[in-house]
Amino acid sequence: MKAAAMPFLHDLAPASLLSERQRLLTVWRTYLGDYLPMPQIDHRIVQDLCEGLLDAFTEALGTAPPVMTEGLRDLLSALSVEFAERGLTPSQTATFVFSLKHVLNEAFSGGSGAMEDIHKLVDAMGLYSVDAFIGRREQIIRRQSQELVDLSVPVVPLWEGVLSLPIIGTLDSSRAQAITEKLLFEIARSGSRYAILDISGVPTVDTQTAQHLAKTVAAARLMGAECVITGIRPAIAQVMVSLGINLSSIETRFSLAEGLRYCFGKLNYTVIQGG
Amino acid sequence: MTAATPPSAHIIPLDGILVVTLPPLLGDSDAEHLAEQVGERLVAEQAHAVLIDMAQMRMIDSHMGRVLNVMASMIRMLGAETMVAGLRPEVAMTMVELGMDLGGIRAALSVRHGLADLRARAGRSE
């Protein structure tokens, strides 16, 4: 696994690494090109990361015994964040850090016994970066799921006295609870007598989903508001019938427009085309 | 000198409609008396509808639910209509979770909505 170039490092003292800095970086660049292509990241950024990492590593190696310095930790965190945001995997990130070991191995002329400390240090660096990578990704996931919750309960006033609630995505228990709560409070706040629950964005309706909808409608009815369920696709209607789901006590319409037309009828509104 | 008792319901006749305002919490004995009181006032005022204002009620249990159902049946027998008004969202949700319903008693968003509704219906039926 030796590279074509002859080993040029005769000891692993920080001073030697420093004097051979440019050659080490060249070997590293070649190694990465061969074994870890990262098209997602600009090669200049990779170059900067390599330089920074090698310098911080050299500095850390100067401490006795070699341990991770604060600068090294910061650099690895930044590197992991960069990789995570560009969609690289944790193992790619770790492999990038571990590759420093191979670079030094290729460049070093001595026996492998002296590599022991370096192995330990570099491995710890890799594991640390994996932790930072996953931490960052979990942060992104948490933020996205919070955004999803915020987005999932939009109650939109459609007309004076008519609210609409476009439900998008699967209706599980916790979402159904949130939707019911939001809808009832909006009904009370705005004094709306009609609410249109549009389920065109709900992929499938099973018995549980239908139960949630029926509960929402029942609670709104207790408050004096009537609900119309719209956006039931023919395929979903068929599934509901075959599941024995009966929504006959609830007004249902094909489209949101038909639902609005129903509410207008109940409110005694007539829509007239002008001109 | 009487001991402090929880406030009971207020009954106000308003153009042939009895508005019954329930307190935040209604004791069991008060609840039992309620139907009796409402029935007597209904006949005395010759009212055609009873509007039960529940906006202040913070909770409703199955006992209260039964009381309301019994009262609505009695009112129907006396030839009048019952409507509840102003149920809070959390009360409505609790009732649904407990599997309670009001057996087809009509509901209104508020006393104002309920009065308008009952008057419109009375106007139509005359």
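In the block above lies the structure referred to throughout.
Rules behind the numbers
Residues numbered from 1 in each chain as written. Chains lettered and ligands numbered in written order. Predicted model: local features only at pLDDT ≥ 70, side-chain atom pairs only at ≥ 80, totals over all residues. Heavy atoms only, no water. Contact = heavy atoms within 4.5 Å. Buried area = accessible area lost by both parts, 1.4 Å probe. Salt bridge = Lys/Arg side-chain N within 4 Å of Asp/Glu carboxyl O. Polar contact = N/O pair within 3.5 Å; in protein donor to acceptor, adjacent residues only side chain to side chain. Pairing = 2+ DSSP bridges. Helix = DSSP H or I, 4+ residues; strand = E, 2+ residues; numbered from the N terminus. Axes fitted to C-alpha atoms, helices over the stretch in contact; angles between N-to-C directions. Buried < 20%, exposed > 50% of the residue type's maximum accessible area, 1.4 Å probe, protein only. 1 Å grid on protein atoms, 1.4 Å probe; cavity = no way out; pocket = protein on both sides within 12 Å on 5 of 7 lines; lining within 4 Å. Points joined across faces, edges and corners; volume = space filled by probe spheres on them. Nonpolar A, V, L, I, M, F, W, Y, C, P; charged D, E, K, R; others polar.

(A) Looking closely at the interface of chain B and chain A. Taken together, the 16 residues of chain B in the interface contact 18 residues of chain A. Buried area between chain B and chain A, both sides added, is near 1,300 Å², and the carbon and sulfur share of it is 72%. By the criterion of area lost to chain A, the three top residues of chain B are B:M93, B:V96 and B:L109, representing 42% of everything that side buries. Taking the shortest distance from any N to any O, the salt bridge between A:R193 and B:D117 comes out at 3.1 Å. At the junction of chain B with chain A, the criterion picks out three residue pairs in polar contact (both at pLDDT 80 or more).

(B) Local environment of the sheet that holds strand β2 (residues 162–168) of chain A. Residues and elements named next belong to chain A. Reading across the sheet, the five strands line up as β1-β2-β3-β4-β5 and stay open at both edges, with mixed pairing between neighbours. Each of the sheet's edge strands pairs with one partner strand only, and the pair in question is β1 (156–159) and β5 (251–252). Sheet topology note: the β2/strand β3 (residues 194–201) ladder contains six bridges and is parallel. By the bridge assignment, L165 is partnered in β3 with L197. Helix α7 (residues 173–190) contacts β2, β3 and β4 (226–230) of the sheet and is inclined by roughly 165° relative to β2. Contacting β2, β3 and β4, helix α8 (residues 207–222) crosses the sheet at an angle of about 155° to β4.

(C) Representation of unusual backbone geometry in the model. Even without a glycine there, the phi angle at A:N268 is positive, about 65°. Topologically, A:N268 is positioned in the segment after α10 (256–266). One non-glycine residue, B:D15, adopts positive backbone phi at about 50°. Relative to the assigned elements, B:D15 resides in the loop between β1 (10–14) and β2 (17–21). Residue classification places B:D15 among the exposed residues on the basis of a relative accessible area of 65%.

(D) Representation of the layout of surface pockets within the structure. In this structure, the largest pocket occupies an estimated 1,200 Å³ of space. Around the largest pocket, the lining is made up of 44 residues, and of these A:G224, A:A225, A:E226, B:R106 and B:A107 lie nearest the centre. Elements that contribute at least two residues to the lining of the largest pocket include exactly α8 of chain A together with β5 (106–108) and α4 (111–125) of chain B. The element contributing the most residues to the lining of the largest pocket is α8(A), with nine residues. Of the residues belonging to the lining of the largest pocket, the class tally is 18 nonpolar, 14 polar and 12 charged.

(E) Summary view of the sheet that holds strand β4 (residues 81–85) of chain B. Residues and elements named next belong to chain B. Taken together, five strands build an open sheet; the order of strands is β1-β2-β3-β4-β5 and the sheet is mixed. Unpaired on one side and paired on the other, β1 and β5 mark the two borders of the sheet. Ignoring which end each strand starts from, the neighbouring axes of this sheet average 25° apart.

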